[in-house]
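Examining the three-dimensional arrangement
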Amino acid sequence: MSHYLTDQQIASLVEAIQSAEDHSTGEIRVHIDSTTENNNAEIAYEVFNELCKDKTAEKNAVLFHINFEKKYLTIIGDTGIHAKVHQSYWDHLHDFITSEFAKGNYHKALKSAILETGLELKKHFPVTGENHNELPNEITFS
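Residues numbered from 1 in each chain as written. Predicted model: local features only at pLDDT ≥ 70, side-chain atom pairs only at ≥ 80, totals over all residues. Heavy atoms only, no water.

Regarding its fold elements, the chain presents five helices and four strands. N-terminal to C-terminal, the α/β element order of the chain is α-β-α-β-β-α-α-α-β. Relative to the compact-globule value of 14 Å for 142 residues, the chain shows a C-alpha radius of gyration of 14 Å, a close match. In terms of its C-alpha atoms, the chain occupies a principal-axis envelope of roughly 40 × 30 × 25 Å. The burial tally for the chain puts 46% of its 142 residues in the buried class. Of the contacts formed within the chain by residues at least 6 apart in sequence, a portion of 71% connects residues at least 24 apart. Accessible surface for the chain amounts to roughly 7500 Å². Of this, 49% is attributable to carbon and sulfur atoms. When the 12 positive and 22 negative side-chain charges of the chain are each reduced to one mean point, those points stand 5 Å apart. (Helix = DSSP H or I, 4+ residues; strand = E, 2+ residues; numbered from the N terminus. Rg over C-alpha atoms; globule rule 2.2 N^0.38 Å. Buried < 20%, exposed > 50% of the residue type's maximum accessible area, 1.4 Å probe, protein only. Contact = heavy atoms within 4.5 Å. Areas by Shrake-Rupley, 256 points an atom, 1.4 Å probe, with all protein chains shown as cover. Lys, Arg positive; Asp, Glu negative; His and termini not counted. Charge placed at Lys NZ, Arg CZ, Asp CG, Glu CD.)

Have a look at this one:
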């Protein structure tokens, strides 16, 4: 799993994803990478393409790709989100997460960011009918 998060914290993050997605059609994925040595951005986009890209009806999936060892974080949104949420929002969220990571607050940072993302998705992609879970909520690892 991860040396930075306990099994209980990982389960808590999955619950946070479920909660964040309750009032939005948006989808949130978290991928923790412990194998990539170089080209983290390239790998993050490959993971995004595999897990998220064009896999939701409104193209509103978000991926948090983290490599704790390399101190790398990227947040990638599909085209539907990108059209509605300004880059400044993601920059602010990225700064918050990395600031908390620097203090060793890995779980707190990710949980807060997931829930905050859920609020942002709710503004732009509110539930108007049935809210199908289009993507799995579990955290993936490589």
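The next subject is the pattern of salt bridges. Evaluated as defined, the whole model comprises five salt bridges. Residue Asp54 is joined to Lys59 by a salt bridge in which the shortest nitrogen-to-oxygen separation is 3.0 Å. Among the residues examined, Asp54 registers a relative accessible area of 43% and is labelled partly exposed. Between Lys123 and Glu120 there is a salt bridge; the shortest N-O distance is 3.1 Å. Of this pair, Lys123 and Glu120 both sit in helix H5 (residues 106-124), separated by three residues, roughly a single helical turn. Residue classification places Lys123 among the exposed positions, given a relative accessible area of 62%. For Glu120, a relative accessible area of 10% corresponds to the buried category. Through salt bridges that share partners, Glu100, Lys103 and Lys108 make up one connected network. (Salt bridge = Lys/Arg side-chain N within 4 Å of Asp/Glu carboxyl O.)

Here we take up the nonpolar core. Counting residues in hydrophobic clusters, the biggest one holds 30 residues, and the most contacted among them are Phe64, Ile66, Ile97 and Ile114. When residues of this core are traced back to their parent elements, those giving at least two are helix H1 (7-21), strand S1 (27-32), strand S2 (61-67), strand S3 (72-77), helix H4 (87-102) and H5. Apart from the residues within four sequence positions on either side, Ile114 is in contact with Leu13, Ala16, Ile17, Ala20, Ile28, Val30 and Phe64. Among the nonpolar cores identified, the runner-up in size contains nine residues, and Val47, Ala61, Leu63 and Leu135 belong to it. (Core = buried A, V, L, I, M, F, W, Y, C linked by side-chain atoms within 4.5 Å.)

What follows deals with the sheet that holds strand S4 (residues 140-141). Judged by pairing direction, the sheet is mixed, and its four strands sit side by side in the order S3-S2-S1-S4 without closing on themselves. Two strands close off the open sheet at either side, each with one partner strand: S3 and S4. As paired strands, S1 and S4 are joined by two bridges and run parallel to one another. Within the sheet, the bridge partner assigned to His31 lies in S4 and is Thr140. Relative to the sheet, helix H2 (residues 40-51) contacts S1, S2, S3 and S4, its axis offset from that of S2 by approximately 140 degrees. (Pairing = 2+ DSSP bridges. Axes fitted to C-alpha atoms, helices over the stretch in contact; angles between N-to-C directions.)

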